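For reference, the chains in residue letters:
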Amino acid sequence: MSTTSIILAAFISASSHRSHHHCAPPPAQFQRQQQLFVSPQKMLLTNNLIAMQSAETSESSTSIVGDLLDYLNESWTQFHATAEAKRQLIAAGFHLLKENEKWDLQPGGRYFFTRNMSSLVAFAIGKKYSIGNGFHVIAAHTDSPCLKLKPKSASTKSGYLMVNVQLYGGGLWHTWFDRDLSVAGRVILRADDGSFLHRLVKITRPLLRVPTLAIHLNRTVNQDGFKPNLETQLIPLLATKTENATADSTEKNNVSSSKDVHHQLLLQILSDELSCKIDDIVSVELNLCDTQPSCLGGANNEFIFSGRLDNLASSFCGLRALVDSCTLPEDLSNEHAIRMIALFDNEEVGSDSYQGAGAPTMFEAMRRITDCLSHQSAGESDFARAIRHSFLVSADMAHGVHPNFVDKHEEHHRPELQKGLVIKHNANQRYATSGVTSFLFKEVARLHSLPTQDFVVRNDMGCGSTIGPILASGVGIRTVDCGIAQLSMHSVREICGKEDIDIAYKHFKAFYQTFSSIDRKLIVD
């Protein structure tokens, strides 16, 4: 119950108590007159309570935190995150494009396409766009560190059915022990007509677990540290071995099927979920996922506890900002640029893939858009001018200061949760932020009374990186690196501040809506 509701209930209760305090009820005529009369004090209090309740309702309606939690709980893998983004874009009226088909684009139109169902590019064209105008882009990534099934995952140990996994990215792997795990990802099915179907799958109940060794068998673990062998001791167990369960691979006509390399029991669970036969499953690409739902936490529900905050929180804030910045037809009526979001896969392993930021996906899309809107092949100067006018926000989660490890942060750059987006700086260009791009992005915040913070790594520590430098150097686009402050980055369960989600959303939305007017006020070259 909100504070306003509590006050209102108390007010009604007190009024009711006062009206029943008399020994005998007043005459009916007096009761009717009393009902018609409202004292100025009571009317003022009632109006104030209504105004407070209205303000609370308005504040609640503008928050996207609840929608983020839904997105996180739906998006167990990069495939599910992309599919959910696709669903939301279609629901908002964006038109689905195919990269291998001809595009027909118009000013005022909203469009998107996916690649590998793990990366996505969406854009909205300003009605006043002219050839050579820029793109205003927010870029993030859909992948997170996790365990993935090996091509041959079935094995047995000491009477257990085990599932062999490989490491993806730089995870805090000790946090995956003693968690209720399951599988999610995509499968390829053989259809009755001989064609193949691409399907996503998610088993929501706990299937797997990586048990730790009891302290009675590892007495010095608290002194020496927990240092498991990641090849031999990070293997989830699926079930106890039954007589008809086997991990022996059989080859038939030199062609392997999924049931030759994965446990029959696991394939049966997948086939039940997909309503297909085991023999129809010809390929699987599965991640291990923590089954605990994303949720609010803390004494005041001020935190978000979840897996995959890095970087689905940024992805969702950017996606929602784009959608909400062009919901109404008039939202693009005075826009001269093209608003865009690009969500990439494989950032956690370097981005060098068909669906990663290292591929020319976004820049090819920019060129195609320029060509389509010019109604002919745009010249080099047209596309080059567009890139020079463009600006990219590389959005990836940031390291908030840890209360138990304060000395891991540079003394004067310690971002806090609930204090706004963190602008990331690095003199060695591990982040793409410059003095100019930092100023422009902060100016967006200043004009909308939004807080920002700054981060720089200590000189005696290495610095991580993002897709920012990759995209900035790809064709030479102005870039700022920023992120939402969080703790426990790359753990199976991470934490960030609830308020920072709404601040990031508002900052990104303001960027789309106002950057054109801000950018033209500063001339550098």
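Residues numbered from 1 in each chain as written. Predicted model: local features only at pLDDT ≥ 70, side-chain atom pairs only at ≥ 80, totals over all residues. Heavy atoms only, no water.

Asker: Looking at this structure, how should I read the pattern of salt bridges?
Answerer: For the coordinates displayed, the defined rule picks out 17 salt bridges. Between glutamate 74 and lysine 202 there is a salt bridge; the shortest N-O distance is 3.8 Å. Placement of the pair is glutamate 74 in helix H4 (residues 65–74) and lysine 202 in strand S8 (residues 196–202), with a sequence separation of 128 residues. Under the relative-accessibility criterion, glutamate 74 is labelled partly exposed at 34%. Take lysine 202: its relative accessible area is 16%, and that puts it in the buried class. With its nearest N and O atoms 2.8 Å apart, the salt bridge here joins arginine 458 to aspartate 460. A relative accessible area of 55% places aspartate 460 in the exposed class. Overlapping salt bridges, with partners in common, bring together Asp67, Arg320 and Asp324 in one network. (Salt bridge = Lys/Arg side-chain N within 4 Å of Asp/Glu carboxyl O. Helix = DSSP H or I, 4+ residues; strand = E, 2+ residues; numbered from the N terminus. Buried < 20%, exposed > 50% of the residue type's maximum accessible area, 1.4 Å probe, protein only.)

Asker: Quick question: what am I supposed to make of the layout of surface pockets here?
Answerer: Regions of empty space are outlined by a rolling probe, equal in size to a water molecule, passed over the atoms. For the largest pocket, the calculated volume is near 820 Å³. Lining of the largest pocket is provided by 36 residues; of these, Ala398, His399, Phe455, Gly464 and Met489 occupy positions nearest its centre. Of all the secondary structure elements, the ones that give two or more residues to the lining of the largest pocket are strand S15 (398–399), strand S17 (452–456) and strand S19 (485–487). Of the residues assigned to the lining of the largest pocket, the class counts are 13 nonpolar, 15 polar and 8 charged. (1 Å grid on protein atoms, 1.4 Å probe; cavity = no way out; pocket = protein on both sides within 12 Å on 5 of 7 lines; lining within 4 Å. Points joined across faces, edges and corners; volume = space filled by probe spheres on them. Nonpolar A, V, L, I, M, F, W, Y, C, P; charged D, E, K, R; others polar.)

Asker: I'm lost on helix H5 (residues 78–91) in this one. Help?
Answerer: For an α-helix, 3.6 residues make a turn, and residues three or four places apart therefore share a direction. When the terminal C-alpha atoms of H5 are compared, their 20 Å separation across 14 residues agrees well with the 20 Å that a helix rising 1.5 Å per residue should span. Within H5 the residues assigned to the buried category are Gln78, Phe79, His80, Ala81, Thr82, Glu84, Ala85, Gln88 and Leu89. The backbone nitrogen of phenylalanine 79 lies 3.2 Å from a side-chain oxygen of the residue at the head of H5, namely threonine 77. One or two residues past the end of H5 sits glycine 93, with phi positive at roughly 100°. (Expected span 1.5 Å × (residues − 1). Polar contact = N/O pair within 3.5 Å; in protein donor to acceptor, adjacent residues only side chain to side chain.)

Asker: How do you make sense of the sheet that holds strand S11 (residues 295–297) when you look at a structure like this?
Answerer: Adjacent strands of a sheet pair through backbone hydrogen bonds, lying either parallel or antiparallel. Across the sheet, 5 strands lie side by side as S11-S12-S20-S19-S15; this open sheet has mixed pairing. Since the sheet does not close on itself, it has two edges, and those belong to S11 and S15, each with one partner. In this sheet, strand S12 (residues 303–306) lies alongside S11 in antiparallel orientation, the contact comprising 3 bridges. Paired with glycine 297 across the strands is phenylalanine 303, a residue of S12. Strands S11 and S12 of the sheet are contacted by H4, whose axis makes an angle of about 5° with S12. (Pairing = 2+ DSSP bridges. Contact = heavy atoms within 4.5 Å. Axes fitted to C-alpha atoms, helices over the stretch in contact; angles between N-to-C directions.)

Asker: For this particular structure, what's the right way to read the confidence of the model for the protein?
Answerer: Regions with low pLDDT should not have their predicted coordinates read in detail. Overall, the prediction assigns the protein a mean pLDDT of 89, with 85% of residues at 70 or greater. Between residues 40–52, whose pLDDT stays under 50, and residues either more than four places distant or in other chains, the model counts 10 contacts. (pLDDT = per-residue confidence, 0-100.)

Asker: Help me out: how do you make sense of the sheet that holds strand S14 (residues 391–395) in this one?
Answerer: Overall, mixed pairing links the 9 strands, which are arranged S1-S2-S3-S13-S4-S14-S18-S16-S17 in an open sheet. Of all strands in the sheet, those bounded by a partner on one side alone are strand S1 (95–96) and S17. Sheet analysis places S1 next to strand S2 (residues 110–115), joined by 2 bridges and oriented parallel. Paired with histidine 95 across the two strands is tyrosine 111, which belongs to S2. Along the sheet, H5 makes contact with S1, S2 and strand S3 (119–125), crossing S3 at roughly 20°.

Asker: Just checking my understanding: could you explain the packing of aromatic side chains for this structure?
Answerer: Two descriptors summarise a pair of aromatic rings, namely the distance from one centre to the other and the angle between the planes of the rings. Here the structure, examined in full by the defined rule, presents 12 aromatic pairs. Judged by centre distance (6.3 Å) and plane angle (35°), the ring pair of tryptophan 103 and phenylalanine 123 falls under tilted. In this pair, tryptophan 103 is assigned in the loop between S1 and S2 and phenylalanine 123 in strand S3, connecting sequence segments 20 residues apart. Plain terms: the ring middles of phenylalanine 177 and phenylalanine 226 are 4.9 Å apart, the flat faces sit at 80° to each other, and that makes the pair edge-to-face. Here phenylalanine 177, found in the loop between strand S6 (160–168) and strand S7 (181–190), pairs with phenylalanine 226, found in the loop between helix H6 (221–224) and strand S9 (237–240); they are 49 residues apart in sequence, far enough to count as distant. By way of ring pairs, the aromatic residues Phe391, Phe441, Phe511, Tyr512 and Phe515 are connected into one cluster. Over the ring of tryptophan 76 we find lysine 202, and its NZ or CZ is 5.4 Å from the ring centre. (Phe/Tyr/Trp six-rings, centres within 6.5 Å; stacked < 30°, edge-to-face > 60°. Lys NZ or Arg CZ within 6 Å of the ring centre and 35° of its normal.)

Asker: Is there a simple way to think about a nonpolar patch on the surface in this case?
Answerer: On the surface, Phe439, Leu522 and Val524 cluster together to form a nonpolar patch covering roughly 260 Å² of accessible area. Position of leucine 522 among the secondary structure elements: in the segment after helix H14 (498–519). Residue classification places leucine 522 among the partly exposed positions, given a relative accessible area of 32%. (Patch = residues over 30% accessible without salt bridge, like charges linked within 9 Å, V, L, I, M, F, W, Y side chains within 5 Å. Areas by Shrake-Rupley, 256 points an atom, 1.4 Å probe, with all protein chains shown as cover.)

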